[in-house]
Amino acid sequence: MKISGKTILLTGGSEGIGFELARLLKDENTVIICGRNADKLAQAKKALPEIVTISADLSVAAQRNTLVDRVLSDFPQTSVLINNAGGRQVIDPQKRCGVEDALYSDFELNVLAPVLLCENFLPHFRSQGAATIVNITTGLIFLPKASYPFYCAAKAALHSYTQSLRWSLRATPIRVHEVILPLVNTPFHKGQLPGTVRAMDAAQAASLCLKELTRGTEEISIGKARLARQLAFLFPRKGISLINRI
Ligand SMILES: NC(=O)c1ccc[n+]([C@@H]2O[C@H](COP(=O)([O-])OP(=O)(O)OC[C@H]3O[C@@H](n4cnc5c(N)ncnc54)[C@H](OP(=O)(O)O)[C@@H]3O)[C@@H](O)[C@H]2O)c1
């Protein structure tokens, strides 16, 4: 995909990997980002004045629908959707307190929101000629971590849906990509990055992601996410044990 002259909805671009993607894409495209926190959106806009910011909590159906309506009415030329916003709830694998809230929260943000955005934009994309959907997942779809089981399960569901969607749209000009990320140093970890594995820099992750998208790679595994897939296939027990010791 040539990524220039496009109008792109990039969810959760106010910080982390999304912000770095916005930084790389903004010069040659119209980039619309969204997030919940108005201060973070204002800071992103200050750093990248070219981008458009829209406040929306994607876990809330009414706010998600308002976002879709606003993008379609104000930016009808939108032809790229990057489902980047994500988050995780950590639980104690032994005590298992708060599992119901964590389950709903992780599935709403990491499956329902991206899937419904895909489905809501599809009719519009079908009328656009060509369009691109990018769903961001994680190497933990192959080797889940017990301390955030619902995040891992939700991303695994998004992975499966992305494969089905790609197959369904194979005869259309709508391309469906997935970016499977390794550990990346972003605010996602709330300052608690595991010390045993070196996290990738967010700017590097964004740059590798765009390089592969430009090449047309459908399923993009970045850095150690490739290793997670191989480990899960060859040595699943060892793989789960390793990932849960990090
Ligand atoms: N960092 C990693 O190690 C890693 C590894 C594998 C995969 N990933 C995936 O990569 C993607 C980006 O992660 P990141 O590390 O860049 O995360 P991040 O630094 O925590 O940034 C998350 C972005 O999403 C927005 N967001 C979160 N919840 C939202 C909601 N309910 N509605 C709207 N926006 C929301 C945040 O803004 P607000 O807080 O203002 O809403 C922020 O802009 C996620 O899908 C994540 O699962 C990350």
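Residues numbered from 1 in each chain as written. Predicted model: local features only at pLDDT ≥ 70, side-chain atom pairs only at ≥ 80, totals over all residues. Heavy atoms only, no water.

**Q** Break down helix H7 (residues 224-234) for me, with residues and values.
**A** Among all positions of H7, only Ala-225, Ala-228, Leu-231 and Ala-232 are buried. Projected down its long axis, H7 shows its buried positions confined to an angular sector of 115 degrees, all on one face. H7 presents Phe-233 and Leu-234 as exposed residues on the side facing more than 90 degrees away from its buried surface. (Buried < 20%, exposed > 50% of the residue type's maximum accessible area, 1.4 Å probe, protein only. Helix = DSSP H or I, 4+ residues; strand = E, 2+ residues; numbered from the N terminus. Arc of directions from axis to C-beta.)

**Q** Residue-level account of the packing of helix H1 (residues 16-25) against helix H6 (residues 202-215), with values.
**A** Contact geometry for H1 and H6: axes closest at 8 Å, N-to-C directions at 55 degrees. Between H1 and H6, the interaxial angle falls into the category oblique. Between H1 and H6 lies a crossing whose hand is right-handed. Across the interface between the two elements, Gly-16, Ile-17, Glu-20, Leu-21, Leu-24 and Leu-25 of H1 pack against Ala-202, Ala-203, Ala-206, Ser-207, Cys-209 and Leu-210 of H6. Of the residues in the contact of H1 with H6, the class split is nine nonpolar, two polar and one charged. (Axes fitted to C-alpha atoms, helices over the stretch in contact; angles between N-to-C directions. Parallel < 35°, antiparallel > 145°, perpendicular 65-115°, else oblique. Left-handed = near helix turned anticlockwise from the far one by under 90°. Contact = heavy atoms within 4.5 Å. Nonpolar A, V, L, I, M, F, W, Y, C, P; charged D, E, K, R; others polar.)

**Q** Mind laying out the sheet that holds strand S4 (residues 80-83), listing which residues take part and the relevant values?
**A** Strands in a sheet are paired, the pairing made by backbone hydrogen bonds, and the direction either parallel or antiparallel. With respect to topology, seven strands assemble into an open sheet ordered S3-S2-S1-S4-S5-S6-S9, the strand pairing being parallel. Here the strands that pair on one side only, and so sit at the sheet edges, are strand S3 (52-55) and strand S9 (219-221). Mean inter-strand twist for the sheet, computed between neighbouring axes without regard to direction, equals 15 degrees. Bridge count between strand S1 (residues 7-11) and strand S2 (residues 30-35): five bridges; the pairing is parallel. Within S2, the residue paired with Ile-8 across the bridge is Val-31. (Pairing = 2+ DSSP bridges.)

**Q** Account for the pattern of salt bridges, naming residues and giving values.
**A** One pass over the structure, following the stated rule, counts nine salt bridges. In this structure, the salt-bridge partner of Arg-23 is Glu-20, at a minimum N-O distance of 3.1 Å. Placement of both Arg-23 and Glu-20 in helix H1 is noted, with a separation of three residues, approximately one turn of the helix. Of the residues examined, Glu-20 reaches a relative accessible area of 16% and is grouped as buried. Between Lys-26 and Asp-27 there is a salt bridge; the shortest N-O distance is 2.8 Å. (Salt bridge = Lys/Arg side-chain N within 4 Å of Asp/Glu carboxyl O.)

**Q** Please set out unusual backbone geometry residue by residue, giving values where relevant.
**A** Across the chain, the bulk of peptide bonds are trans and the bulk of non-glycine residues have phi less than zero. Not every positive phi belongs to a glycine, and Arg-96 is a case in point at roughly 55 degrees. Following the sequence through the fold, Arg-96 ends up in the loop between S4 and helix H4 (99-126).

**Q** Explain the side chain of Lys-155 residue by residue, including any values.
**A** Within the secondary structure layout, Lys-155 lies in helix H5 (residues 149-168). One buried charged side chain, Lys-155, makes no salt bridge at all; its nearest oppositely charged neighbour is Glu-178, positioned 8.5 Å away. (Lys, Arg positive; Asp, Glu negative; His and termini not counted.)

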